[in-house]
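Fold and contact review
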Amino acid sequence: MSYASDALITFDNMLGTLDHLIRKAQDAGLTDEILASKLAEDMFPLELQFRVAINQVLLALNQVGGQTAPLEKTAYRSLAEVRERIADVRARVDQADATDWSPTDGTVDLTLTKEVRFVMTAEADIRDWILPNFYFHVTMAYALLRQAGVEIGKMDFIPHMERYKAAPAL
């Protein structure tokens, strides 16, 4: 499998995780006010954790996936809106063709600020920048929802593993 195929599968799996976590939060009766919660004062609130996670997928599709997708800039106002955005981005991922992605040794020039610029291969961009950031923000969303009292555990972080469930070996 190519780095692109692996990334697309990972994005779909973990966007599914985010959707699953939000559904559990909604089922637990959490209101949209939860979007303002933070783990620490200097950290992003839950809303921005969701938005940055989604933007990592869009950034990957833009930088190496041959797409032009605007990044999410407007704050989400509700958990329902976050779920809608996740569904939209999952549809983009589902429609993406790994053969359209840059070759593994293609160059990505990523400028974050005037002081921070990275130049790397397409594969390194996905492996070393996009996926770690994506997982970080998905994990922060999980932690914030758990802190808010949503009953979630490890299998709620990896619900896609259910498809591999087998009977215990005897």
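Residues numbered from 1 in each chain as written. Predicted model: local features only at pLDDT ≥ 70, side-chain atom pairs only at ≥ 80, totals over all residues. Heavy atoms only, no water.

1. Digging into the pairing of strand β2 (residues 117-121)
Two faces, one strand: in a regular strand the side chains alternate between the faces of the sheet. In the sheet, strand β1 (residues 107-111) pairs with β2 via 5 bridges, with the strands oriented antiparallel. Looking at the pairing, Thr111 lines up with Arg117 of β2. Hairpin connection from β1 to β2: 5 residues lie between these consecutive antiparallel strands. (Pairing = 2+ DSSP bridges. Helix = DSSP H or I, 4+ residues; strand = E, 2+ residues; numbered from the N terminus.)

2. Remarks on the environment of Pro103
For Pro103, the location among the structural elements is in the loop between α3 (79-95) and β1. Put simply, Pro103 and Ala167 are 64 residues apart on the chain and 40 Å apart in space, counted from C-alpha to C-alpha. Excluding residues that lie within four positions of it along the chain, Pro103 makes contacts with Tyr3 and Ala122. (Contact = heavy atoms within 4.5 Å.)

3. Regarding the nonpolar core
In terms of nonpolar packing, the biggest core is built from 51 residues, with Phe11, Leu15, Phe50, Trp101, Ile126, Phe134 and Leu145 touching the most fellow members. Every element with two or more residues in this core is listed here: α1 (3-27), α2 (46-63), α3, β1 and α4 (122-147). Once residues within four sequence positions are removed from consideration, Phe50 is found in contact with Leu18, Ile22, Leu35, Tyr76, Leu79, Val82, Ala141 and Leu145. (Core = buried A, V, L, I, M, F, W, Y, C linked by side-chain atoms within 4.5 Å. Buried < 20%, exposed > 50% of the residue type's maximum accessible area, 1.4 Å probe, protein only.)

4. Here we look at the pattern of salt bridges
Between side chains of opposite charge, pairing is possible as soon as their charged atoms come close. Throughout the structure, instances matching the rule amount to 10 salt bridges. Between Arg90 and Asp12 there is a salt bridge, with the nearest N and O atoms lying 3.0 Å from each other. Of the two residues, Arg90 is situated in helix α3 and Asp12 in helix α1; the sequence distance between them amounts to 78 residues. Ionic pairing is found between Glu41 and Lys38, a salt bridge with its closest N-O pair at 3.7 Å. A relative accessible area of 33% places Lys38 in the partly exposed class. (Salt bridge = Lys/Arg side-chain N within 4 Å of Asp/Glu carboxyl O.)

5. Here we look at α2
An α-helical segment advances 3.6 residues per turn. Residues three or four places apart therefore align on the same side. Here α2 contains 18 residues, and its C-alpha end-to-end distance of 25 Å stays within 8% of the 26 Å for a straight helix at 1.5 Å per residue. The buried count for α2 comes to 16 of 18 residues, which makes it a mostly enclosed element. (Expected span 1.5 Å × (residues − 1).)

6. Brief notes about α1
The terminal C-alpha atoms of α1 lie 36 Å apart, and with 25 residues this matches the ideal 36 Å at 1.5 Å per residue to within 8%. Gly29, located one to two residues past α1, shows a positive phi value of around 90°.

7. Observations concerning the packing of aromatic side chains
Scanning the model with the defined rule gives 5 aromatic pairs in all. Seen from their ring centres, Phe134 and Tyr135 are 6.2 Å apart, and the 65° between their planes marks the pair as edge-to-face. Judged by its relative accessible area of 0%, Phe134 is buried. Site record: aromatic cluster; members linked through ring pairs are Phe11, Phe134 and Tyr135. (Phe/Tyr/Trp six-rings, centres within 6.5 Å; stacked < 30°, edge-to-face > 60°.)

8. Some thoughts on the side chain of Gln49
Its location among the elements puts Gln49 in helix α2. If near-sequence neighbours (up to four positions away) are discounted, Gln49 is found in contact with Phe44, His137, Met140, Ala141 and Leu144.

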